Amino acid sequence: MERFLRVKTTPQERKLLRMALHHMRVVTLADIADPTGTYIPGDRLTGSWRANTAWEWPKQPQPPKKAFATLRRLLRNTICQYDSPYQPIDSDLAITEPMGDWLPVERNVIHDCLRCDDTIYCYSPGEGFTSYSKRGESGFFNLTGTVESVPIHAYPISIVTIDKNQVWTMKRFRRQTQPEPGKPAPGRVLFDNLNRQGHIKGASDGSLLRDDGIMTAGWLIANNEDEKTAAIFAVTNISSLSSYRAELEGTFRLLKHIDYLGMSPDEVTHWCNNEAAVNATNMQSIHTPGDMLSPDMDIILAILHHKQRMSYTIQCKHVLAHQDTKKRKSKEEKDREKKLKAKERRARIREVDVGDGTHTPSPESSPSHSTTSDNSNGLDSTISSPRQELASTGLSDEAQMNVA
């Protein structure tokens, strides 16, 4: 039912949806779909049907009709897009992309009939499962007795009951083999020409798109400038959104990528531009129970657990970046800088060229000082004394200065 998250809904509609699903006691689409996986029976979406299950569900009163109307609307907007909103409420809903064959996994609900190789199991509330064995190739199955449980690889199937001792079906065998579990890749690899041995360096970074509800992480593992691998990963549909967690996600996936490649380097030097994430990565253990309440402690514990399993050491170092701000200077540092600037200001000498020598102007001769006199028209004119260069004469330097 994760597709419902992609549809814009109000809090009231989400509440009604939960009420309908809890009443029906279903978790996945396979719990309400037909055994063929091509449609959803209409009588299961009106509120009169409830699945048989061994799980305990919350006890609640019968949901209102609009709860199941909300469920049908969301199904038409996501999974059953070819169905009209004007058809009767008890009409079947065709699944836009039919489901594949059944996997040998534990079922969330107890189906009426299940098949396992040459045996069919039929469930009756209060009586349990009754088994029927295959008889020839005509599709008939004869009663053999009752059983306490069914194999995990049994899958739902539709049958026709001939009598109490005999059932019939010619539905095709729809079970597929379970794929071998493998290591999931930590992210999408952009390129990889890394040498898997020796000392390696790593760097990671994270970004946050808060309005879109997306976090992204990227990491780089390198031996040198030519031998390296890089990967990225996007995280969605989580409640904890912060740039801090995005940085931790990059660190965690960098370590998982090293493990995914089967590498056993001598040492790993990791660089990160978030100082808080660096401090969290360098933690060796949880010191107090209160630490468990720290933000994003789940991924910090995952990093700590992974570090304890590693056969090599990792050094996480902080590198300054756009997230870092200047630290406030102390009063002593400010006073020290103020005295140093005053000393430099006093030592600075503004010199004026005078012939072949230099002259330090007096305050009266500086450009900032000026005198005002009245001209013949009665207007004020400002006579300033800018830098002046004295003409070369036969006077001595001291005489020239007196003249100036």
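On a predicted model such as this, the values are computed, not experimentally measured, just so you know. Sequence positions are assigned chain by chain, starting from 1 and proceeding in written order. Given that the model is predicted, a residue must reach a pLDDT of at least 70 before its local features are reported, and side-chain atom pairs must reach 80 or more before they are shown or counted; all residues, however, enter totals for whole chains, interfaces and linings. Derived side-chain values reflect all non-hydrogen atoms in the structure, with water molecules and hydrogen atoms excluded from consideration.

**Let's talk about the side chain of Thr-229**
This is how the line gets drawn: The helix count covers DSSP runs of H or I at least four residues long, the strand count covers runs of E at least two residues long, and both are numbered beginning at the N terminus. Whether two residues are in contact is decided by their heavy atoms: any pair within 4.5 Å suffices.
Within the secondary structure, Thr-229 sits in strand E13 (residues 228-236). Sequence-distant contacts of Thr-229, that is, excluding residues within four places in its chain, are made with Val-189, Phe-191, Asp-192, Leu-194, Trp-219, Leu-220, Ile-221, His-257 and Leu-261.

**Concerning the pattern of salt bridges**
Rules: We count a salt bridge whenever a side-chain nitrogen from Lys or Arg sits within 4 Å of a carboxyl oxygen from Asp or Glu. Buried residues are those whose accessible area, probed at 1.4 Å on protein chains only, stays under 20% of the maximum for their type, while exposed residues exceed 50% and partly exposed ones sit between those limits.
Applying the stated rule across the entire model yields five salt bridges. For Arg-73, the salt bridge goes to Glu-13, with nearest N and O atoms at 3.1 Å. Of this pair, Arg-73 sits in helix H2 (residues 65-78) while Glu-13 sits in helix H1 (residues 11-24), placing them 60 residues apart in sequence. Of the residues examined, Arg-73 reaches a relative accessible area of 25% and is grouped as partly exposed.

**Observations concerning the packing of H1 against H2**
Note the following rule: Here the axes come from fitting lines to C-alpha atoms, over the contacting stretch only for helices, and the angles between their N-to-C directions go from 0 to 180 degrees. Angular relationships are summarised with four words: roughly parallel below 35 degrees, roughly antiparallel beyond 145, roughly perpendicular across 65 to 115, and oblique for the angles in between. Amino acids outside the nonpolar list (Ala, Val, Leu, Ile, Met, Phe, Trp, Tyr, Cys, Pro) and the charged list (Asp, Glu, Lys, Arg) are all regarded as polar, and Gly is one of them.
The N-to-C vectors of H1 and H2 enclose an angle of 100°; their axes lie 8 Å apart at closest approach. Between H1 and H2, the angle is such that the two are roughly perpendicular. Note on element contacts: H2 touches H1 through Lys-66, Ala-67, Phe-68, Thr-70, Leu-71, Arg-73 and Leu-74, opposite Glu-13, Leu-16, Leu-17, Ala-20, Leu-21, His-23 and Met-24. A class-by-class count of the residues in the contact of H1 with H2 yields nine nonpolar, two polar and three charged.

**Considering the packing of helix H3 (residues 243-260) against helix H5 (residues 297-309)**
For the record, the criterion: Here a crossing is called left-handed whenever its near helix is offset anticlockwise from the far helix by less than a right angle, and right-handed whenever the offset is clockwise.
In the contact formed by H3 and H5, the axes pass within 10 Å of each other and the chain directions differ by 25°. For the element pair H3 / H5, the angle class is roughly parallel. Regarding H3 and H5, the two cross each other, and that crossing is left-handed. Contact residues: Tyr-244, Arg-245, Leu-248, Glu-249, Thr-251, Phe-252, Leu-255, Lys-256 and Asp-259 in H3; Asp-298, Ile-299, Ile-300, Ala-302, Ile-303, His-306, Lys-307 and Arg-309 in H5. When the residues that make up the contact of H3 with H5 are grouped by side-chain class, the tally is eight nonpolar, two polar and seven charged.

**Description of the sheet that holds strand E14 (residues 267-272)**
What links the strands of a sheet is backbone hydrogen bonding, and the strands pair in either a parallel or an antiparallel sense. This is how the line gets drawn: Any two strands between which DSSP finds at least two bridges are classified as paired.
A sheet is described by the order of its strands in space; here six strands give the open sequence E10-E13-E12-E11-E14-E15, paired in mixed fashion. Edge positions in the sheet fall to strand E10 (188-192) and strand E15 (313-318), since each of these pairs with one other strand and no more. Neighbour-to-neighbour, the strand axes of the sheet open up by a mean angle of 20°, direction not taken into account. Bridge count for strand E11 (residues 200-209) against E14 is five bridges, and the pairing is parallel. Following the sheet pairing, Ala-203 is matched in E14 by Trp-271. Along the sheet, H3 makes contact with E10, E11, strand E12 (214-222), E13, E14 and E15, crossing E12 at roughly 40°.

None of this, on its own, says anything about what the molecule does.
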